[in-house]
Amino acid sequence: MTKHKLILLRHGEGAWNKENRFCSWVDQKLSSNGIQEARNCGKHLKVLGIEFDLVFTSILSRSIQTAWLVLEEMGQEWVPTESSWRLNERHYGALIGLNRAEMALNHGEEQVKIWRRSYDVAPPPITELHPYYNEIYRDRRYKCCDVSQDKLPKAESLKEVLDRLLPYWNDRIAPEVKNGKTILISAHGNSTRALLKHLEGISDEDIANVTLPTGVPVLLELDENLCPIGRHQFLGDQEAIQAAIKKVEDQGKVQPAAK
Ligand SMILES: O=C(OP(=O)(O)O)[C@H](O)COP(=O)(O)O
C-alpha cells in the first residue's frame, strides 16, 4: 500500500499566544520561545530522517518564520515554499486582540468555548471601528490574494475556514501528495484543525476535542486515495505534548486568581 507522509504544524508560539490574546489575522512574529519550538521541531524531524519536497504556509509571518526555522535546522532551506491566505488562521472577527481569560470572566467559559471550538458558529464580525481593522485590510499582502479584498472574511466559523481552505487543498496540495511528494504544511491551530477534520472525517462534535499545541509536528499517513492510515500522531515527548494541549485548552478559562 502506498503511504504518503504529510506533516502538519501549528507555528511556534507567537507573542500573543503568550499573552493569551486572539491573534488570528494580526501578523505577530514568533516569541523567543516560539523560535526555539520551531528549531526543536526541525531538529526532531531531521532525526526522523524526513525529507521534504514542498512546503506550504499561510501568508502570516509566524507560519512562514516557523517553516524557515524548521527547514534551516534540517539543512533543507532549498525546498520550494508556497504561501496562501487560504491557510491563514481562522478569522476571529471582533474577538481579535482580546484576552481569552478576560472574555471568560465577562461572557462565561461556555460562551468562550463555543466561540473557540464550535464547528459552525462564527464570532461577531470585525468592523472598521476595530483597532486592528486597518492593520489587517490595508496590508498589501491581502491585495495579492486569489479573491478581491472585499470578498475576504470579516469573521469565520471553523466550517468557513474549511470552505476557503478546501479548494487550495484539492487543487494545489492534494495532487502533490498523490504524486509522492513529502509535504510540510506550516499553518495555524484552526486552519490545521479544519484540514484534519476533513482528512480524518472527524465529526462536527468531536473536532471540538482536537487541540493543537504550538510547534509540535503532527504526522498523518495517507493511502493512494488520500485516506488516512490510522490516526494522526503528535511527534515528540508525549507527556510534554499532553501538558501543552491542556495549556491551550485552559486558555479559555477564568484565571484562578480572578475566579
Ligand atoms: O491566532 C490563533 O491561532 P494561531 O496561534 O495558531 O495562529 C488563534 O488566536 C488561536 O486561538 P484559539 O486556540 O482560541 O482558537
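The protein chain is annotated in an unreviewed UniProt entry as Phosphoglycerate mutase of Sphenodon punctatus. Per UniProt, the protein chain carries the Function (unreviewed entry) text "Plays a major role in regulating hemoglobin oxygen affinity by controlling the levels of its allosteric effector 2,3-bisphosphoglycerate (2,3-BPG). Also exhibits mutase (EC 5.4.2.11) activity."

Let us look at the sheet that holds strand β3 (residues 81-83). Across the sheet, which stays open at both edges, the six strands sit in the order β3-β2-β4-β1-β5-β6 with mixed pairing between neighbours. Of all the strands in the sheet, just β3 and β6 (233-234) have a single pairing partner and so form its edges. Examined bridge by bridge, strand β2 (residues 54-57) and β3 share three bridges and lie parallel to one another. Bridge pairing links Val55 to Thr81 in β3. Relative to strand β1 (residues 4-10), helix α8 (residues 189-200) is tilted by about 150°, and along the sheet it contacts β1, β4 (183-187) and β5 (217-222).

Turning next to the site of the ligand. Near the ligand, the surroundings consist of 15 residues, among which Arg10, Glu89, Tyr92, Arg116 and Gly189 are the closest. Here an oxygen atom of the ligand and a side-chain polar atom of His11 are 2.8 Å apart. Contact distances for the ligand include 2.8 Å between an oxygen atom and a side-chain N or O atom of Arg62. Coverage of the ligand by the protein amounts to 99% of the 400 Å² it exposes when considered alone. Classifying every residue of the shell around the ligand gives three nonpolar, six polar and six charged.

So, about the packing of helix α7 (residues 158-178) against α8. α8 packs onto α7 with a crossing angle of 75° between their chain directions and a minimal axis gap of 9 Å. Judged by the inter-axis angle, α7 sits roughly perpendicular to α8. Here α7 contributes Leu158, Val161, Leu162, Leu165, Leu166 and Trp169 to the contact with α8, which in turn contributes Asn190, Ser191, Arg193, Ala194, Leu195, His198 and Leu199.

Core analysis: the biggest nonpolar cluster contains 34 residues, and Leu6, Phe56, Trp169, Ile173, Val177, Ile183 and Ile185 have the highest contact counts within it. The element best represented in this core is α7, accounting for nine residues. Among all residues touching Ile183, those that are not within four sequence positions of it are Lys5, Leu6, Ile7, Phe52, Leu54, Phe56, Ile173, Glu176 and Val177.

For the structure on display, the rule yields 17 salt bridges. A salt bridge links Lys246 to Asp250; the nearest nitrogen and oxygen atoms lie 2.6 Å apart. Here the residue Lys246 and the residue Asp250 both occupy positions in helix α9 (residues 238-250), the gap between them amounting to four residues, near one helical turn. Put simply, Arg39, Lys43, Glu72 and Glu73 are held in one network by salt bridges that share partners.

What counts and what doesn't
Residues numbered from 1 in each chain as written. Predicted model: local features only at pLDDT ≥ 70, side-chain atom pairs only at ≥ 80, totals over all residues. Heavy atoms only, no water. UniProt positions renumbered as here; feature names shortened; annotations may be inferred. Pairing = 2+ DSSP bridges. Helix = DSSP H or I, 4+ residues; strand = E, 2+ residues; numbered from the N terminus. Contact = heavy atoms within 4.5 Å. Axes fitted to C-alpha atoms, helices over the stretch in contact; angles between N-to-C directions. Near = heavy atom within 4 Å. Polar contact = N/O pair within 3.5 Å; in protein donor to acceptor, adjacent residues only side chain to side chain. Areas by Shrake-Rupley, 256 points an atom, 1.4 Å probe, with all protein chains shown as cover. Nonpolar A, V, L, I, M, F, W, Y, C, P; charged D, E, K, R; others polar. Parallel < 35°, antiparallel > 145°, perpendicular 65-115°, else oblique. Core = buried A, V, L, I, M, F, W, Y, C linked by side-chain atoms within 4.5 Å. Buried < 20%, exposed > 50% of the residue type's maximum accessible area, 1.4 Å probe, protein only. Salt bridge = Lys/Arg side-chain N within 4 Å of Asp/Glu carboxyl O.

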